[in-house]
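A look at the structure
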2 protein chains.
Amino acid sequence: MVSIKDVAKQAGVSVATVSRVLNNKGYVSESARKKVEQSIQELNYKPNEVARSLFKKQSKTIGLIVPDIMNPFFPELARAVEDIAAELGYSVILCNTDENKEKEQHYLDVLLQKYVDGIIVSSNTLSAEQIHKLHIPIVSIDREISQGIPTIVVENKKGAQTATRFLKDKECKKIAHIRGPLGVTNADERCEGYKEVVSGEPWFRESYIVNGYFDMQSSIEATNKLLRLHPEIDGIFAANDTMAIGAIKSAHQLGRKIPEDIAIIGFDGIALSKATVPELTTIVQPIYELGKKATTMLVHLIEKKPVEKTFYELEVRLVERHST
Amino acid sequence: MVSIKDVAKQAGVSVATVSRVLNNKGYVSESARKKVEQSIQELNYKPNEVARSLFKKQSKTIGLIVPDIMNPFFPELARAVEDIAAELGYSVILCNTDENKEKEQHYLDVLLQKYVDGIIVSSNTLSAEQIHKLHIPIVSIDREISQGIPTIVVENKKGAQTATRFLKDKECKKIAHIRGPLGVTNADERCEGYKEVVSGEPWFRESYIVNGYFDMQSSIEATNKLLRLHPEIDGIFAANDTMAIGAIKSAHQLGRKIPEDIAIIGFDGIALSKATVPELTTIVQPIYELGKKATTMLVHLIEKKPVEKTFYELEVRLVERHST
DNA sequence: TTGAAAGCGATACCAA
DNA sequence: TTGGTATCGCTTTCAA
């Protein structure tokens, strides 16, 4: 690889001068600049980012920590993060943690050693303490970790209310909820939203709420159980789309027609929700927007530019398709 | 951040000695090693990877270049790559190119400047020349770029034959093919496989083959056109699962029952293929295995360990579900 | 067995 | 305007 020295030699100037034209900083005569620029061209010189990083203590790289990129929610998020990062001159290192504490700490260490300039993280298990020890900007996405930490989430409770009310408006008489894992903020909030709408109803019972783990298999099982226990159910609000699809499959197996016998609504608006037959009615999150906002904010934090807010709760919207 | 100097001072030895115990290289007395290890513990010292990279001219980082992580084929691949990379002590930088030549070249430059040790790439537009100029190990995945370049693909033609023959065995009398983009190796190969099986049939015509772009929308349109032109079609082999799902939706809209009126088979075995109703019969690629093999091979190449082969054509297998 | 010092490729201070 | 040089944190050679 050709280095700054080679350029300097070729141009007949010092490395300091080359550095100056590279960074457009300090005084450089027109003639010197010309010579340097030409040499850079001729040698096809590209500054070594590693050397730069060492000196500047920053790497133009950010870390993206997600539970699992195979979870259909995250590819779109990752795409947004990578798009914006690239636009702003940053690269992104991808990390999958499976919500595993050790893996998370491990990746945090690795990223720190690599001098990443900031991290976007989606996690429940990370503690505020762990994060503050990092001493680099962090943005928490999709899930709230702690007050002091910049966070971008969506209106989970409101979305859940909208979904549940929509089912009521569609004349559903008995509405069940397949909730996400206990203790996960967004799952809890969505469950709350559901409850606020139905808990006053005479028909409502706690057993209308069943547990899922945001994945399809758990949802199929939960729905099977649910519909056996409560055959009267004619509406289901699933806490995410993947589970809604599981519910569709389960209902299908049990011979229930959708939406005639049971209306089903999801949450997320992942691409998959348009692939099913019938297409899924769902509460659409602006996933790309989420990633975009997080990345923009992170880079502002990194570059010490002003940020107006460090907490965003993005709007969700109901998209009616054919499952309701 | 605590540096090697701090450790040296604390342990009362030189940085050289600390480096020796860090790398387990050269002579170090038991007592010195003890002291150093203790200081490392006490200070919670983690060597700065950037400084290491600068000296060693390698970064324990690899690049993963894909067209679009939102394309359902790639998350699983990315997950495999990241898993294995992490296991072997490497991080992975994610790049989305949209098959765009400029973006590809840009990412190549960036990765090179960051001293990545190797690159896994999925692309049609990259030239062999571009790649050879890199002077670092590359593995091409999913698509063949050129003979000299380490490559991992699947048996596209054979899989396509299997799919088409399967449809024939299912008593389909008129089998159509929704092919992928012209000029993309795997799309071409799958089309060829289809043709080899049906081109001898008396009913076969070129107009049974329609173009798609590996996405859902194009496939819906293609299928609409196809079924209007040839209502007699009772079997469709789509060149990937996303297009097969598009075909299902189109057939549905046109009031055709699947699999009774039309049998549909896909290719890839993405997670989505299990989410549809009816679940998709498809030619399953070992996607995770693909990523795993590519990463293992790349790291071997990087670390100059022996690799037995630099070309793999992985087996695919038919998984029968309910769309046929 | 150990430490001093050169060097990796850049930046930025200071003196000229 | 320019160049010399210390510096970032680490590895490795060489001499002791």
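Residues numbered from 1 in each chain as written. Chains lettered and ligands numbered in written order. Predicted model: local features only at pLDDT ≥ 70, side-chain atom pairs only at ≥ 80, totals over all residues. Heavy atoms only, no water.

- Per an unreviewed UniProt entry, chain A goes by Catabolite control protein A and derives from Domibacillus mangrovi.

**Things to note about helix α6 (residues 101-113) of chain B**
- Taking 1.5 Å as the rise per residue, α6 of chain B with 13 residues should run 18 Å; its terminal C-alpha atoms sit 18 Å apart, in good agreement.
- Here α6 of chain B has its buried residues at Glu104, Tyr107, Leu108, Val110, Leu111, Leu112 and Gln113 of chain B.
- Buried residues in α6 of chain B make contact with α4 (49-56), α5 (74-87) and β2 (91-96) of chain A together with β1 (61-66), β2 (91-96) and β3 (118-121) of chain B.
- Once α6 of chain B finishes, Tyr115 of chain B follows within two positions and takes phi at roughly 60°, a positive value. (Helix = DSSP H or I, 4+ residues; strand = E, 2+ residues; numbered from the N terminus. Expected span 1.5 Å × (residues − 1). Buried < 20%, exposed > 50% of the residue type's maximum accessible area, 1.4 Å probe, protein only. Contact = heavy atoms within 4.5 Å.)

**Remarks on the sheet that holds strand β10 (residues 281-284) of chain A**
Residues and elements named next belong to chain A.
- Sheet architecture is open: six strands sit in the order β7-β6-β8-β9-β10-β12, paired in mixed fashion. Lying at the two open borders of the sheet, with one neighbouring strand each, are β7 (209-211) and β12 (317-319). Strand after strand, the sheet turns through a mean of 20° between neighbouring axes, direction not considered.
- Where strand β9 (residues 263-268) meets β10, four bridges bridge the pair, whose relative direction is parallel. Within the sheet, the bridge partner assigned to Phe267 lies in β10 and is Ile283.
- Packing against the sheet, helix α10 (residues 216-229) makes contact with β6 (175-179), β7 and β8 (235-238), and its axis sits at approximately 150° to β6. (Pairing = 2+ DSSP bridges. Axes fitted to C-alpha atoms, helices over the stretch in contact; angles between N-to-C directions.)

**A few points about the side chain of Ser59 of chain B**
- In this fold, Ser59 of chain B is placed in the loop between α4 (49-56) and β1.
- Since its relative accessible area comes to 5%, Ser59 of chain B is described here as buried.
- Here the side chain of Ser59 of chain B touches Tyr115 of chain B through a polar contact of 2.7 Å, landing on its backbone oxygen.
- Excluding residues that lie within four positions of it along the chain, Ser59 of chain B makes contacts with Lys114 of chain A together with Ser53, Lys114, Tyr115, Val116 and Asp117 of chain B. (Polar contact = N/O pair within 3.5 Å; in protein donor to acceptor, adjacent residues only side chain to side chain.)

**Considerations on the relation of the copies chain B and chain A**
- For the pair chain B and chain A, the relating rotation is 180°, the translation along its axis is 0.0 Å, and the fit reaches an RMSD of 0.1 Å. Both chain copies can therefore be described as sitting about a two-fold axis. Rotation axis and chain B: the residue whose C-alpha lies nearest the axis is Ile93 of chain B, separated from it by 2.2 Å.
- Same-surface contact between copies: 100% of interface residues of chain B are shared with the interface of chain A. (Least-squares fit on C-alpha atoms with pLDDT ≥ 70 in both.)

**Looking at the packing of aromatic side chains**
- Within this structure, the stated rule accounts for eight aromatic pairs over all chains.
- A centroid spacing of 5.2 Å and a plane angle of 90° characterise the contact between Phe73 of chain B and Phe74 of chain B, whose relative ring orientation is edge-to-face.
- Classification of Phe73 of chain B as buried rests on a relative accessible area of 4%.
- Taken together, a centroid distance of 6.3 Å and an interplanar angle of 70° make the contact between Trp203 of chain B and Phe204 of chain B edge-to-face.
- Relative accessible area serves as the criterion here: at 14%, Trp203 of chain B is assigned to the buried category.
- Its relative accessible area of 15% is what places Phe204 of chain B among the buried residues.
- Each residue in the set Tyr194, Trp203, Phe204 and Tyr208 of chain A is aromatic and connected to the rest through ring pairs, giving one cluster.
- Stacked on the ring of Phe267 of chain A, the Lys or Arg Arg190 of chain A has its end atom at 3.9 Å from the ring centre. (Phe/Tyr/Trp six-rings, centres within 6.5 Å; stacked < 30°, edge-to-face > 60°. Lys NZ or Arg CZ within 6 Å of the ring centre and 35° of its normal.)

**Describing the pattern of salt bridges**
- One pass over the full model with this rule turns up 44 salt bridges over all chains.
- Put simply, Asp83 of chain A and Arg79 of chain A hold a salt bridge, and the shortest N to O gap is 2.9 Å. Residue Asp83 of chain A and its partner Arg79 of chain A are both found in helix α5; the two are separated by four residues, about one turn of the helix. Exposure class is identical for Asp83 of chain A and Arg79 of chain A. Each is buried.
- For Glu171 of chain A, the salt bridge goes to Lys173 of chain A, with nearest N and O atoms at 3.9 Å.
- Through salt bridges with shared partners, a single ionic network connects Asp68, Asp98 and Lys103 of chain A together with Arg79 and Asp83 of chain B. (Salt bridge = Lys/Arg side-chain N within 4 Å of Asp/Glu carboxyl O.)

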